[in-house]
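# Summary of the model geometry
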Amino acid sequence: MRLRAVAALSAAALALSACASTTESNTGRTATEQLLLARASDRAIEGLVLPLPLGASVFVDDAYFQGEGARYAVSAMRGAISDAGFSLARNRDEANAVFEIRAGALSLEQMRRVFGIPEMRIPINETFNVVSLPELSVYSHRDRVGVAEFSGFLYEAKTGAPLGAITPMIGAYRIRSHKAFMMVSWGQQQAQPGQRDPGSSWKEF
């Protein structure tokens with residue numbers, strides 16, 4: 001009877017502890033990394049002003065604007081130009097001026113501080129075989145920073161005459177996460193749907 005009871009309890013435990021698995025696709029950047037680059041780009045182009053009369057037509061030349069996340073940054077810059085009161089030309093022939101843009105930086109930086117003994121790799125023989133020692137810390141924190149630096153110059157579309165240079169526009173966005181006793185974590189980035197009133201998802205330029 002006792003064996004039957006143990007077997008019945010084991011079967012019930014197995015039934016209650018059923019698990020499920022999901023399949024994920026892995027992109028080149030994590031969602032947090034993508035958010036860091038996007039927010040840094042947004043901050044870099046805040047307050048963008050061009051030395052042109054309002055209403056002038058501008059063609060944004062992004063041929064030399066390269067890097068992961070570049071398409072988002074270009075779109076953000078086009079939005080800032082439109083928001084500043086200029087019109088966007090579809091090609092050079094329709095433009096009053098060409099704005100050639102370039103990226104000095106569009107990437108991530110990371111720094112980690114540990115109060116305790118950090119994770120270490122120690123060579124154990126002359127053939128450079130190593131053994132890894134785990135971290136033993138009371139507290140640690142990690143900073144992940146998206147950094148964007150954009151610049152460019154402006155010239156007349158028909159003559160190529162210079163109109164002005166745009167000084168470097170720099171933006172950064174930081175996420176700091178904490179960990180205590182190697183187990184308790186807080187401060188991680190969480191993207192959640194926001195609450196807004198109907199119609200607040202757009203604005204007029």
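Placed above this text is the structure.
Within every chain, residues take consecutive numbers counted from 1 along the sequence as written. For this predicted model, a pLDDT threshold of at least 70 governs which residues receive local features, and a threshold of 80 or more governs which side-chain atom pairs are given and counted, while totals over whole chains, interfaces and linings are taken from all residues. Note that water and hydrogens are dropped before the side-chain values are worked out from all heavy atoms of the structure.

### A few points about the sheet that holds strand E7 (residues 162–180)
We count it as follows: Two strands qualify as a pair provided DSSP detects at least 2 bridges between them. Here a helix means four or more residues in a row that DSSP labels H or I, a strand means two or more in a row labelled E, and each is numbered from the N terminus. Contacts are assigned to residue pairs with any non-hydrogen atoms lying within 4.5 Å of each other. Note on definitions: angles span 0 to 180 degrees between N-to-C directions of axes, and those axes are lines fitted to C-alpha atoms, for helices only across the stretch in contact.
Within the open sheet, the 6 strands sit side by side as E2-E1-E3-E6-E7-E8. Their pairing is mixed. The outermost strands of the open sheet, each flanked by one partner alone, are strand E2 (87–88) and strand E8 (184–186). Relative to E2, strand E1 (residues 57–61) runs parallel, the two being bridged by 2 bridges. From the neighbouring strand, valine 58 faces E2, where its bridge partner is leucine 88. Contacts from helix H2 (residues 31–44) reach strand E3 (97–117), strand E6 (136–156) and E7 within the one sheet, and its direction differs from that of E7 by about 140°. Sitting on the sheet, helix H3 (residues 70–83) is in contact with E1, E2, E3, E6 and E7, with an inclination near 125° to E3.

### Structural notes on the environment of tyrosine 139
Convention followed: Polar contact criterion, stated in full: a pair of N or O atoms within 3.5 Å, where within protein one must be able to donate a hydrogen and the other to accept it, and residues adjacent in sequence count only if both atoms are side-chain atoms.
Locating tyrosine 139 in the fold gives a position in strand E6. The spacing of tyrosine 139 and lysine 179 is 40 residues in sequence and 5.7 Å in space, taken between C-alpha atoms. Look past the residues within four positions of tyrosine 139 in its chain and what remains in contact with it is Arg113, Val114, Phe115, His178, Lys179, Ala180 and Trp186. A distance of 2.7 Å separates the side chain of tyrosine 139 from the side chain of histidine 178, its partner in a polar contact.

### Details of the packing of aromatic side chains
Any aromatic ring pair is given by two values, namely how distant the centres are and how the planes are angled relative to each other. Applicable threshold: Each Phe, Tyr or Trp ring, with Trp reduced to its six-membered ring, pairs with another whose centre is within 6.5 Å; inter-plane angles below 30 degrees give stacked pairs, above 60 give edge-to-face pairs, and intermediate values give tilted ones.
Counted according to the given criterion, the structure contains 4 aromatic pairs. Between tyrosine 139 and tryptophan 186 the ring centres are 6.4 Å apart and the planes differ by 35°, which places this aromatic pair in the tilted class. Of the two residues, tyrosine 139 is situated in strand E6 and tryptophan 186 in strand E8; the sequence distance between them amounts to 47 residues. Aromatic rings pair up to connect Phe115, Tyr139 and Trp186 into one cluster.

### Quick word on the pairing of strand E4 (residues 120–123)
Pairing geometry for E4 and strand E5 (residues 130–133), over 4 bridges, is antiparallel. Each bridged residue has a counterpart across the sheet, and for isoleucine 122 the counterpart in E5 is valine 131. Linking E4 back to E5 in an antiparallel pair, the connection comprises 6 residues, with phenylalanine 128 at a positive phi of about 65°.

### Observations regarding H3
Stated precisely, the cut-off is as follows: A helix is expected to span 1.5 Å multiplied by its residue count minus one. Only protein chains enter the calculation, and the probe is 1.4 Å; a residue is then buried if its accessible area is under 20% of its type maximum, exposed if over 50%, and partly exposed in between. The arc refers to the directions leading from the helix axis to the C-beta atoms.
An ideal rise of 1.5 Å per residue puts 20 Å on 14 residues; H3 measures up with 20 Å between its terminal C-alpha atoms. Of all the residues in H3, the buried ones are Ala70, Ala73, Val74, Ala76, Met77, Ala80 and Ile81. Relative to the axis of H3, the buried residues are bounded by an arc of 160° and lie together on one face. Those residues of H3 hidden inside the fold are in contact with H2, E1, E2, E3, E6 and E7. The positive-phi residue at the C-terminal boundary of H3 is glycine 85, with phi of around 105°.

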